[in-house]
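Structure assessment
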Amino acid sequence: MYKGIFILYLVCFGTYLMFTRQPDYFDGEKVPATIFIVKDSLSPKMMAVAEFSNGYKNFRVKADYYFRNWKNGEKTEVIYESEHPEKGAIYGFWGYWISLGELLGSILFIIVGYQAAVSITKNPSPEALKEQLNYKEPNKPRYD
């Protein structure tokens, strides 16, 4: 039973990931980019940005993702939609395909769903239990 639930979870989560990425995976363009460590304009801390060009203009997108440490001048790849290149994203497994919020949310969803299913089916009422024990499968014709 657990294997079936886990496979269903992976199929649903994988489908969700394929069709909800922004910028869109199927319509996006991938280009090389360079990481720069710059001072954040709103706070005194340093942040990583990826600079790339669409052939006409240079753009910068945030590259600060949890569990990703960049070095100044490091090369990477950016995916963007040609209509909105300023909304590009670093193309990588962690950050583009999977983010911390989605991962934690999906794990929380599967745990809450499992607990709900167990609590619903744990203690059946006496009438439901009696009905299940007295159930006899109806006779079916051999050929329909």
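The structure reproduced in this document is the subject of the present report. (Residues numbered from 1 in each chain as written. Predicted model: local features only at pLDDT ≥ 70, side-chain atom pairs only at ≥ 80, totals over all residues. Heavy atoms only, no water.)

1. A look at the overall build of the protein
Check the secondary structure of the protein and you find 3 helices and 5 strands. Listing each helix as α and each strand as β along the protein from the N terminus yields α-β-β-β-β-β-α-α. The globule rule puts the C-alpha radius of gyration for 144 residues at 15 Å, and the 25 Å found for the protein is more than 25% above it. Projected onto its principal axes, the C-alpha coordinates of the protein cover approximately 75 × 40 × 20 Å. For the protein, the proportion of its 144 residues judged to be buried stands at 26%. (Helix = DSSP H or I, 4+ residues; strand = E, 2+ residues; numbered from the N terminus. Rg over C-alpha atoms; globule rule 2.2 N^0.38 Å. Buried < 20%, exposed > 50% of the residue type's maximum accessible area, 1.4 Å probe, protein only.)

2. Details of the sheet that holds strand 2 (residues 46–53)
Spatially, 3-2-1-4-5 is the arrangement adopted by the 5 strands of the open sheet, whose pairing is antiparallel. The open sheet is flanked by strand 3 (58–62) and strand 5 (84–90), the only strands paired with a single partner. Adjacent strand axes in the sheet meet at a mean angle of 45 degrees, parallel and antiparallel pairs treated alike. Bridge analysis of strand 4 (residues 75–81) against strand 5 gives 3 bridges, and the strand direction is antiparallel. By the bridge assignment, Glu 81 is partnered in strand 5 with His 84. (Pairing = 2+ DSSP bridges. Axes fitted to C-alpha atoms, helices over the stretch in contact; angles between N-to-C directions.)

3. Considerations on a nonpolar patch on the surface
A contiguous nonpolar patch, built from Tyr 2, Ile 5, Ile 107, Ile 110, Ile 111, Tyr 114 and Val 118 and spanning about 590 Å² of accessible area, is present on the exposed surface. The greatest single-element share of the nonpolar patch, amounting to 5 residues, is contributed by helix 2 (residues 100–122). Here Val 118 is to be found in helix 2. Of the residues examined, Val 118 reaches a relative accessible area of 31% and is grouped as partly exposed. (Patch = residues over 30% accessible without salt bridge, like charges linked within 9 Å, V, L, I, M, F, W, Y side chains within 5 Å. Areas by Shrake-Rupley, 256 points an atom, 1.4 Å probe, with all protein chains shown as cover. Salt bridge = Lys/Arg side-chain N within 4 Å of Asp/Glu carboxyl O.)

4. Here's the deal with the pattern of salt bridges
For the structure on display, the rule yields 2 salt bridges. Between Arg 21 and Glu 102 there is a salt bridge, with its nearest N and O atoms 2.6 Å apart. Note that Arg 21 is positioned in the loop between helix 1 (2–20) and strand 1 (29–39) and Glu 102 in helix 2, a separation of 81 residues in sequence. On the accessibility criterion, Arg 21 (6% relative accessible area) is buried. A salt bridge links Arg 60 to Glu 51, with the shortest nitrogen-to-oxygen separation between them at 2.9 Å. Using a relative accessible area of 23% as the deciding quantity, one classes Glu 51 as partly exposed.

5. Focus: the pairing of strand 3
On strand 3, burial follows the alternation: Phe 59 and Val 61 on one face are buried, whereas Asn 58, Arg 60 and Lys 62 on the facing-out side are not. In this sheet, strand 3 lies alongside strand 2 in antiparallel orientation, the contact comprising 5 bridges. From the neighbouring strand, Ser 53 faces strand 3, where its bridge partner is Asn 58. Hairpin remark: strand 2 followed by strand 3, antiparallel, with 4 residues in the connecting loop; positive phi at Gly 55, about 105 degrees.

6. Side note on the environment of Gly 55
Among the secondary structure elements, Gly 55 is positioned in the loop between strand 2 and strand 3. Here the alpha-carbon distance between Gly 55 and Trp 94, two residues 39 residues apart in the chain, equals 27 Å.

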